[in-house]
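Survey of secondary and tertiary structure
Residue strings, one per chain:
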Amino acid sequence: MKTYAVKLGSPGNGERDVIVPSPTDVQAADAARPLMREDESVLSITVLKDAALLDGAPPKTQAAELAHVTPGSAAAPETKIDLDNNHG
């Protein structure tokens, strides 16, 4: 895990940096997304050589982001399957 400075900016509101942990620079943009204001966009991403205080958490995995859409079998209610087809 590396530490990144993600420069955010918006028209009329200037620029600001947020510091986030991430395994890659592309995922650093994902980690910065929850910290972005409504009209901001990512202007640049820079890996930091020295440790810094973090502004945000690491990016969510794709599975975590899609859990509410496709929760998988872990969230499914337990169902009993009758393999013998004995109904009586």
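That block above? That's the structure.
Since the model is a prediction, treat every value here as computed from it, not as a measurement. (Residues numbered from 1 in each chain as written. Predicted model: local features only at pLDDT ≥ 70, side-chain atom pairs only at ≥ 80, totals over all residues. Heavy atoms only, no water.)

Attention now goes to the nonpolar core. Counting residues in each nonpolar core, the largest one holds eight residues, listed as Tyr4, Val6, Leu8, Val18, Val20, Ala28, Ala31 and Ala32. Looking at this core, the elements with two or more residues in it are β1 (2-10), β2 (14-22) and α1 (25-32). Dropping the residues within four chain positions of it, Leu8 is found in contact with Gly14, Glu15, Arg16, Val18, Leu35, Met36, Glu40, Ser41, Val42 and Leu43. (Core = buried A, V, L, I, M, F, W, Y, C linked by side-chain atoms within 4.5 Å. Buried < 20%, exposed > 50% of the residue type's maximum accessible area, 1.4 Å probe, protein only. Helix = DSSP H or I, 4+ residues; strand = E, 2+ residues; numbered from the N terminus. Contact = heavy atoms within 4.5 Å.)

Our focus in this paragraph is the pattern of salt bridges. Throughout the structure, instances matching the rule amount to four salt bridges. The partner of Lys7 in a salt bridge is Glu15, and the shortest N-O contact between them spans 4.0 Å. For Lys7, a relative accessible area of 26% puts it in the partly exposed group. Glu15 sits in the exposed class, given a relative accessible area of 56%. Its salt-bridge partner being Asp17, residue Lys7 comes within 3.3 Å of it at the nearest N-O pair. You can see Lys7 sitting in strand β1 and its partner Asp17 sitting in strand β2, a full ten residues away along the chain. By relative accessible area, which is 43% here, Asp17 ends up partly exposed. The network of salt bridges with common partners includes Lys7, Glu15 and Asp17. (Salt bridge = Lys/Arg side-chain N within 4 Å of Asp/Glu carboxyl O.)

Below, the discussion takes up the sheet that holds strand β3 (residues 41-48). The strand order β2-β1-β3 describes an open sheet built from three strands, whose pairing is antiparallel. Every interior strand has two partners, whereas the edge strands, β2 and β3, have only one. The mean inter-strand angle of the sheet, taken between neighbouring strand axes irrespective of direction, is 25 degrees. Taken together, the nine bridges between β1 and β2 define a ladder with antiparallel strand orientation. From the neighbouring strand, Val6 faces β2, where its bridge partner is Val18. (Pairing = 2+ DSSP bridges. Axes fitted to C-alpha atoms, helices over the stretch in contact; angles between N-to-C directions.)

With that out of the way, let us pick up the pairing of β1. Consecutive side chains along a regular strand alternate between the two faces of the sheet. Among the nine residues of β1, seven are classified as buried, and the element is accordingly described as predominantly covered. Linking two consecutive strands that pair antiparallel, namely β1 and β2, is a turn of three residues; a positive phi of about 85 degrees is found at Gly12 within it. Here seven bridges tie β1 to β3, and the two strands are oriented antiparallel to one another. Across the sheet, Thr3 pairs through a bridge with Leu48, a residue of β3.

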